[in-house]
Amino acid sequence: MSQAPGTAHFRIRCFLRRKRYPAPLAVLLVFPFVPLCLFLSGEKKGRGRSRRRPLGGLRQSSALPNGGRERNEKEPEARLTNQLPLAGRRRTSLANERERKCKRSARNRDGPTSRGAICGRQDEGRAWNTRVNEKPGGVGIMSGDILDVMEPGCKRRKTAEPEDVSTWDLLPVLSERESQGVTLMPVYAAPILNKKEACRLVKEISAVYPLGDFPHLKRVRACLSRESPHPLEVILCLASSEQQQENGLPSLAELFTNGRVNLCGLGQPFLTRVPVFPPLTRPQYEEAASHWPVSFHENKRVSQALSGSLFTSSEKSAMQKHMELAIQAAKRGARQGMRPVGAVVVDPATGNVLAVGHDCRDGLNPLLHAAMVCIDLVAHSQGGGAYLYNNYPACTFLKPDSTVDHSSSFGDGLPYICTGYDMYLTREPCLLCAMALVHSRIERVFYGVPTPHGALGTSYHIHSRQELNHRFEVFRGILEDQCHSLAQMSVLKESERDSV
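Residues numbered from 1 in each chain as written. Predicted model: local features only at pLDDT ≥ 70, side-chain atom pairs only at ≥ 80, totals over all residues. Heavy atoms only, no water.

Trainee: Before we go on, may I ask you to explain the sheet that holds strand β10 (residues 270-275) in this structure?
Mentor: Think of a sheet as strands paired side by side through backbone hydrogen bonds, with each pair either parallel or antiparallel. Taken in spatial order, the 4 strands of this open sheet run β8-β9-β7-β10, and their pairing is antiparallel. Since the sheet does not close on itself, it has two edges, and those belong to β8 (220-222) and β10, each with one partner. Strand after strand, the sheet turns through a mean of 45° between neighbouring axes, direction not considered. The pairing of strand β7 (residues 184-192) with β10 spans 6 bridges and is antiparallel. (Pairing = 2+ DSSP bridges. Helix = DSSP H or I, 4+ residues; strand = E, 2+ residues; numbered from the N terminus. Axes fitted to C-alpha atoms, helices over the stretch in contact; angles between N-to-C directions.)

Listed below in structure tokens is the structure:
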């Protein structure tokens, strides 16, 4: 008679076989324990039968009207939970705990008779809601109905953008290097016929012709054409266009005359063009990579500015309001015979408008351009200033706090003139105003339209000169159409003045 692998007899027999006892001795050892094993196995089976219940957690009960069955709500849930892995058990218990908290908070806050009460909780992207059913009598009864666990939470309502913000685009005015195209230079390259020789060839060629002045260039590139018989191409050395025109393409032996490079695995050299300077912006990188692979360390802020995602709609709305103040000041100055150019200085930390001015070069002083006027007005707000603008009511500034002594420039807690401030101009400032902005330590400049002799992007890039002791950001394009109409008015007035 054979025993099942899980019985006590089978386990004892296996133990005896491992110990290699003789058969008669094994019988004497096993026989006293047979009754005990039968008793234990029968008791265990009896306990299992006593705990067994119908499928689904139903218990027999003759007192129940629904077929003599009663639903056991906790047992199926526990049985299902025990079958889950540990992570699933934790999620299930967490869901149950959230459900209980949601019901308890609903009862404490609204009570069982609140009309149309809804208890909602959103945690980790999941909405837990308890509804209250409406009855004809107007009394809401808590149903304890839990909505779908994976139901997404309520989406945020998008803030309405201002009406005119979408009509203009804010563009950054980058430095000369960032705004120029990709410059190329000629080099000699050769195909690598065997991939296994690539590492050795790169080391040997780099030792003879290093690219120390051009660290952005990658020495090897994958072949552009899939149909090409060679998989890789490598830069050998720099080439001059004059030598190439005189002697044509050199051979490998002419390029490596010292014998320090094992030419096995290299094909015939050819002439190609690679970028001279490392790319600074995403468009430059894409253009440079189309010629030869280069390394690129992206400036996230510049990339966001070029894509138009640097500023939010609320920030652009505030910028538009500040530029509208500058346009109004320019129009008021034009009514007094001044050139229609306006400027506004704003503290971006608080949003306060510190100074509003317009061009006064035809009145008080020929040096008082709009930017110069606003800088002088900010100096007035700090207890300084050089000119009085009593005859120009549009030129105003935020009056300083009377409780603060501004007689001394040290220890008054005020910044140096325009340190950390923004300036809004209806048109691009000239070289004089740009240098004044550098010396006043302006933080950012926003102008509407460029000018032929502008110093912030058109003729010069004063704001990004490395030899100067201060640099700032420049953006253009706010309300460009309205600023362009002001610029046309200025050109007409200048032509009339010149004709007279």
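Trainee: I'm lost on empty space enclosed by the protein in this one. Help?
Mentor: Once rolled over the atoms, a probe with the size of a water molecule shows which space is left empty. Across all of its chains, the model carries 1 cavity of 30 Å³ or more by this definition. Grouping the constituent residues of the lining of the largest cavity by class yields 5 nonpolar, 4 polar and 1 charged. (1 Å grid on protein atoms, 1.4 Å probe; cavity = no way out; pocket = protein on both sides within 12 Å on 5 of 7 lines; lining within 4 Å. Points joined across faces, edges and corners; volume = space filled by probe spheres on them. Nonpolar A, V, L, I, M, F, W, Y, C, P; charged D, E, K, R; others polar.)

Trainee: Looking at this structure, how should I read helix α14 (residues 431-439)?
Mentor: Every α-helix carries 3.6 residues per turn, so stepping three or four residues along brings you back to the same face. Listing the buried residues of α14 in full gives Cys-433, Ala-434, Ala-436, Leu-437 and Val-438. Those residues of α14 hidden inside the fold are in contact with α13 (370-381), β14 (422-427) and β15 (444-449). Two residues or fewer past α14, Arg-441 is found with a positive phi of approximately 65°. (Buried < 20%, exposed > 50% of the residue type's maximum accessible area, 1.4 Å probe, protein only. Contact = heavy atoms within 4.5 Å.)

Trainee: Sorry, what's going on with the pattern of salt bridges here?
Mentor: A side chain of one charge can pair with a side chain of the opposite charge if their charged atoms are brought near each other. Per the counting criterion, the structure on display carries 11 salt bridges. For Glu-204, the salt bridge identified is with Arg-200, shortest N-O distance 3.1 Å. One end of the pair, Glu-204, and the other, Arg-200, are both in helix α7 (residues 198-208), 4 residues apart, so they sit about a helical turn from each other. Overall, the relative accessible area of 23% leaves Arg-200 in the partly exposed class. The partner of Asp-359 in a salt bridge is Arg-361, with the nearest N and O atoms 2.7 Å apart. For the pair Asp-359 and Arg-361, a shared accessibility class is recorded, and that class is buried. Connected through salt bridges with shared partners, the residues Glu-176, Arg-465 and Glu-467 form a single ionic network. (Salt bridge = Lys/Arg side-chain N within 4 Å of Asp/Glu carboxyl O.)

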